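Now for the letters of each chain:
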Amino acid sequence: MKNGRVTSLLYCRSALPGRERWDVANLRGKPFLAQQLESELHCRMGIIEVKANAMTGRILLVFDQQVLNNTAELLREVIDHFVARIDEKLLEARHADPKNRQDFEHQDNESILDLIRSVEHSSTLRWKATGLTSLSTIFSLTPPITLGLIMATAVSGGLPFLSGLGLSQLGQIGLLSGVFVGANMANTFSEYHAKMAWQQYASTIEHELRVKAYSHVQHLDMAYLDHESSGQILSVIHDDSVKIREFLGQLPDSVIDRLTTFVLGGLFLIYISPVSFLLSLVPLPVMMFIYRRYHKQIAKRYMEQGEKQQAMRKLLSNNLSGMPTIKGFSREDYEQQRLMDSSSELQHSTTAAFADAMRYADITKFAMVAGLGLPIIYAGSLMIMGKISVTVFMLQSFIMPKMIGAMGGLDHDYDLYQSSTAASKRLSQILSVQPKIRNGAQHIDLASVHGDLRFEEISFSYPGANELFENFHLHIPARSSVALVGTTGSGKSTLTRLLLRFYEINGGRVLLDEMDICDLDFNDLRQVIGLVSQDVFLFHGTIYENIHYGRLDATMEEVMAAAKMAEALHFIEALPDGFDTIVGERGQMLSGGQRQRISIARVILKNPPILILDEATSSVDNETEAAIQHSISLLAKDRSTIVIAHRLSTVRHLDQLYLIDHGQVIEAGTHEQLLEMDKTYAALWKLQMGERPEAQGLPTLASVHP
Ligand SMILES: Nc1ncnc2c1ncn2[C@@H]1O[C@H](COP(=O)(O)OP(=O)(O)O)[C@@H](O)[C@H]1O
Ligand SMILES: [Mg+2]
């Protein structure tokens, strides 16, 4: 096969016997498609290894030439299957939208009110706010009526019922002005308290929702969280609770105010002139027609704007966390351009949405004002003909705009309701995802744990991936120290995650002291196991806080002792701020080896009966590693210890070594026994020993495996 051969969808970049790299059109930026292609190709005859990369848009194939002689045809067939026959959009939507994923059940038929009610502990505040809003509306109707009466008094020389009380024209105007000022003040006062009460209610609900959503997400399965971007979950927990607050802070107050104004204003109008009331309703159907005509368009614009906003947010958060890579590859200009493109798209869609909304508001206003002309002309003609008094005419002219104006804003409220409904749907959706991994009921006493571990006929696959373990066995006797070695990707770290029940096995059992871990309480199980993970995570805070996290009731002396055992005390004390040094986000202000030592100290402080070190010293120098080994061997004496390591010299002294490959233990024994066997382990050992001790990138199983 020649390099550079072109087919319709494929371009062969490089080809060595049994190893080819292909560019695949349309693969870039489609991780779900890459995953699908990878698992499909994996199952094909002759394929030994396959890597599909959505970042580069390339596929690497390692295959058996005897079995497979036309890779292009195979690739084309598989790609055809996924790209041409399956609707790509559907694939992506299934990936992006948890709603469509089959593996996690949830329901989203809960309404926004159900969601709010689910976190409302008391309705007192809601009723108080409702009462205050109604009161403030009543006060807000008084000023236009008194103003109408003042005008009528001025024009007609006095109102009969006030003149009957013996008040002069000026006295009447004075009295009415007093009522006008008083009502305005009462309105302002009650409106202030009503808005405060709604805000208080809204922020209480926001707080409850946020806490509930976070607490729920914390208990979801790792398999679910793996598939969700943390940015998206953050946006639901934070932004969507804010949207619910905005909804509650504005909408009920506004709707109650509008409806009360309409009903009371309407009743008043019916009382003084039913015909004027009916005429004043003429603009309503026109306004509804305009609403229906524009509403969809505006909703679409806001939806587009929301999408652009999300894209922008994703790009920003991705770039901010990848800053070292951006700088390292001098991609600042490239990223600047990408940000500018994304930002200007957002700018345009924001302007477009605003322009549409403004146009709609203006047309509605015009229809409303134009519609008002009719009842005013009617009332005016009646007044001229002497059929109604100036007072009645004035009252109508002041009440009608208020009443119709109240109805005019309902559409805006409805839009707010709709956008909040979207937020509430997303929240309800996350809240309704149920963890598949159920907590066990059995409690265990930490002090009585022996630490005997047994993997029995385990089968396991990550969701949507090929089987990683099939009928896997492993026994780790209590208080023994074992090593797991094997190629990258052979499943060593996965075994530790299964032990912690981060994922559920498909078949078989994992036993701790002969108890099925599925029956055990999560907290108890995780209390028993101390994991120094391959990907060290430190929280933004001080070194002290990060170590102390291992056991929250530990004293400073204990924290220091743990740091000493982890060979971390020396470098910590050499820092200007010592234990109070801020480690930065994810611990980025420390070196890889320093981070590892802090995470070892954190687990030493936890002092669990089972200790797992997953490539825990991969980034420290040989001398420090030897010192840590010494500490760990002291620790390991009275507990079960699992060490995962690439450098075989670090595990050679352990009780038992297991070589794992393709989901199976292929060799087991002590270091000496394995050397005697003279198979893969022995070959690997010789290869590693052949290197200078300080050499970087020591050979691994992959390089010697037959
Ligand atoms: N969270 C995950 N979701 C899906 N696949 C995963 C996940 N973590 C690891 N894998 C896959 O499982 C396999 C084993 O991974 P891992 O246990 O980390 O290997 P090791 O620790 O031996 O290097 C790899 O092929 C990896 O791609
Ligand atoms: Mg690993």
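Predicted model, so just to flag it, every value in this text is computed and none were measured.

Calculation notes
Residues numbered from 1 in each chain as written. Chains lettered and ligands numbered in written order. Predicted model: local features only at pLDDT ≥ 70, side-chain atom pairs only at ≥ 80, totals over all residues. Heavy atoms only, no water. Axes fitted to C-alpha atoms, helices over the stretch in contact; angles between N-to-C directions. Helix = DSSP H or I, 4+ residues; strand = E, 2+ residues; numbered from the N terminus. Parallel < 35°, antiparallel > 145°, perpendicular 65-115°, else oblique. Left-handed = near helix turned anticlockwise from the far one by under 90°. Contact = heavy atoms within 4.5 Å. Buried < 20%, exposed > 50% of the residue type's maximum accessible area, 1.4 Å probe, protein only. Pairing = 2+ DSSP bridges. Right-handed = clockwise from strand over helix to strand, strands pointing away. Expected span 1.5 Å × (residues − 1). Polar contact = N/O pair within 3.5 Å; in protein donor to acceptor, adjacent residues only side chain to side chain. Near = heavy atom within 4 Å. Areas by Shrake-Rupley, 256 points an atom, 1.4 Å probe, with all protein chains shown as cover. Nonpolar A, V, L, I, M, F, W, Y, C, P; charged D, E, K, R; others polar. Donors = N, O, S within 2.8 Å, 3.2 Å for Na, K, Ca; no water. Domains from an automatic or database assignment. UniProt positions renumbered as here; feature names shortened; annotations may be inferred. pLDDT = per-residue confidence, 0-100.

1. Details of the packing of helix α9 (residues 230-272) against helix α14 (residues 390-408)
So, step 1. The interhelical angle for the contact between α9 and α14, taken along N-to-C directions, is 150°, at an axis separation of 9 Å. Our classification of the angle between α9 and α14 gives roughly antiparallel. α14 is crossed by α9, and the crossing has left-handed handedness. Residues Arg258, Thr261, Phe262, Gly265, Gly266, Phe268, Leu269 and Ile272 of α9 lie in contact with α14, whose contacting residues are Val392, Leu395, Gln396, Ile399, Met400, Lys402, Met403, Gly405, Ala406 and Met407.

2. Focus on the pairing of strand β12 (residues 640-644)
So, step 1. Of all the five residues making up β12, five are buried; the element is thus mostly covered by neighbouring parts of the structure.
So, step 2. Side-chain alternation along β12 places Ser640, Ile642 and Ile644 on one buried face and Thr641 and Val643 on a second face that is also buried.
So, step 3. Direction of pairing for strand β11 (residues 610-614) relative to β12: parallel, over a ladder of five bridges. Residue Ile612 lies in a different strand from β12, and its bridge partner there is Ile642.
So, step 4. Following the chain from β11 across helix α22 (residues 622-636) to the adjacent parallel β12, one finds a crossover that is right-handed.

3. Notes on α22
So, step 1. Helix length check: α22 (15 residues) gives 20 Å between terminal C-alpha atoms against 21 Å at 1.5 Å per residue, within 8%.
So, step 2. Within the sequence span of α22, burial applies to Thr624, Glu625, Ile628, Gln629, Ser631, Ile632, Leu635 and Ala636.
So, step 3. Two or three places before Glu623, at the start of α22, stands the capping residue Asp621, its side-chain oxygen 3.2 Å from that residue's backbone nitrogen.

4. Observations regarding the site of ligand 1
So, step 1. As a matter of local geometry, ligand 1 sits amid 13 residues, with Asp226, Gly489, Lys492, Ser493 and Thr494 nearest to it.
So, step 2. Tyr503 is positioned with one of its side-chain polar atoms (N or O) 3.3 Å from a nitrogen atom of ligand 1.
So, step 3. Surface burial for ligand 1 is 66%, taken as the share of its 560 Å² of free accessible area covered by protein chains.
So, step 4. With four residues, helix α16 (residues 492-499) is the largest single contributor of residues to the shell around ligand 1.
So, step 5. Grouping the constituent residues of the shell around ligand 1 by class yields three nonpolar, seven polar and three charged.

5. Points about the packing of α9 against helix α15 (residues 410-432)
So, step 1. Where α9 contacts α15, the axes come no closer than 8 Å and their chain directions differ by 145°. For the pair α9 and α15, the sense of crossing is left-handed.
So, step 2. Broken down by class, the residue content of the contact of α9 with α15 amounts to 12 nonpolar, six polar and six charged.

6. Regarding the environment of Thr137
So, step 1. By the secondary structure assignment, Thr137 is in helix α5 (residues 124-156).
So, step 2. Residues Thr137 and Ala563 lie 426 residues apart in sequence; the distance between their C-alpha atoms is 66 Å.
So, step 3. At 2.8 Å, the side chain of Thr137 forms a polar contact with the backbone oxygen of Thr133.
So, step 4. Only 2.9 Å separates the side chain of Thr137 from the side chain of Asp257, close enough to count as a polar contact.

7. Side note on the sheet that holds strand β10 (residues 529-532)
So, step 1. Pairing within the open sheet is mixed, and its six strands lie in the order β10-β11-β12-β7-β13-β14. Edge positions in the sheet fall to β10 and β14 (664-669), since each has one partner strand and no second. Here the average twist between neighbouring strands, direction ignored, is 20°.
So, step 2. Helix α21 (residues 592-606) rests against β10 and β11 of the sheet, and its axis sits at about 175° to β10.

8. Focus on the coordination of the magnesium ion (ligand 2)
So, step 1. Within the protein, the atoms that donate to the magnesium ion (ligand 2) are Ser493 (OG) and Gln534 (OE1), at distances of 2.0 to 2.3 Å. Placement of Ser493 in helix α16 and of Gln534 in the loop between β10 and α18 (543-548) is noted, with a sequence separation of 41 residues between them.
So, step 2. Given a relative accessible area of 34%, Gln534 falls into the partly exposed group.

9. Section: the environment of Ser493
So, step 1. Under the relative-accessibility criterion, Ser493 is labelled buried at 12%.
So, step 2. Put simply, Ser493 and Glu625 are 132 residues apart on the chain and 20 Å apart in space, counted from C-alpha to C-alpha.
So, step 3. The residues touching Ser493, leaving out its near neighbours within four places in the chain, are Gln534, Asp614 and Ile644.
So, step 4. Within polar-contact distance, the side chain of Ser493 engages the side chain of Gln534 at 2.8 Å.

10. Remarks on the domain arrangement of the chain
So, step 1. Splitting the chain by domain gives domain 1 (10-96), domain 2 (104-273 + 426-436), domain 3 (279-387) and domain 4 (446-704).
So, step 2. Here the C-alpha centre of domain 4 lies 34 Å away from the C-alpha centre of domain 1.

11. Examining the UniProt feature "domain: ABC transmembrane type-1" (unreviewed entry) in the chain
So, step 1. Summarizing the sequence annotation, UniProt attributes the feature "domain: ABC transmembrane type-1" (unreviewed entry) to residues 129-395 in the numbering used throughout.
So, step 2. Secondary structure within residues 129-395 divides into 91% helix and 0% strand; the distance between the first and last C-alpha atoms comes to 30 Å.

12. Details of the environment of Met689
So, step 1. As for its position among the elements, Met689 is in helix α24 (residues 680-690).
So, step 2. Judged by relative accessible area, Met689 falls into the partly exposed class, the value being 43%.
So, step 3. Spatially, the C-alpha atoms of Met689 and Ser649 are 8.6 Å apart, while their sequence positions differ by 40 residues.

13. A few points about the confidence of the model for the chain
So, step 1. Summary statistics for the chain give a mean pLDDT of 85 and a share of 92% for residues scoring 70 or more.
So, step 2. Least confident of the elements in the chain is helix α3 (residues 88-96), whose mean pLDDT is 39; most confident is α18, at 96.
So, step 3. Under a pLDDT of 50 for its full length, residues 691-706 has, in the predicted model, 29 contacts with residues more than four places off or in other chains.

14. Section: the side chain of Asp356
So, step 1. Tracing the sequence through the fold places Asp356 in helix α13 (residues 332-384).
So, step 2. Engagement of the side chain of Asp356 in a polar contact is seen with the side chain of Arg301, the distance being 3.0 Å.
So, step 3. Residues in contact with Asp356, not counting those within four places in the same chain, are Gln297, Ile298 and Arg301.

15. Digging into unusual backbone geometry
So, step 1. Phi is positive for Arg479, which is not a glycine, with a value near 60°.
So, step 2. Mapped onto the elements of the fold, Arg479 is located in the loop between β6 (467-476) and β7 (481-486).
So, step 3. When its relative accessible area of 42% is taken as the criterion, Arg479 is described as partly exposed.
So, step 4. The backbone of Asp513 shows a phi angle near 50°, a positive value even though the residue is not glycine.
So, step 5. For Asp513, the location among the structural elements is in the loop between β8 (507-512) and β9 (515-516).

16. Considerations on the sheet that holds β6
So, step 1. The four strands lie next to each other as β6-β5-β8-β9, forming an open sheet whose pairing is antiparallel. Pairing within the sheet leaves two strands with one partner each, and these edge strands are β6 and β9.
So, step 2. Where strand β5 (residues 453-461) meets β8, five bridges bridge the pair, whose relative direction is antiparallel. Within β8, the residue paired with Phe455 across the bridge is Val510.
So, step 3. Strands in contact with α16 are β5, β6 and β8; relative to β5, the strand with the most contacts, it is inclined by about 110°.

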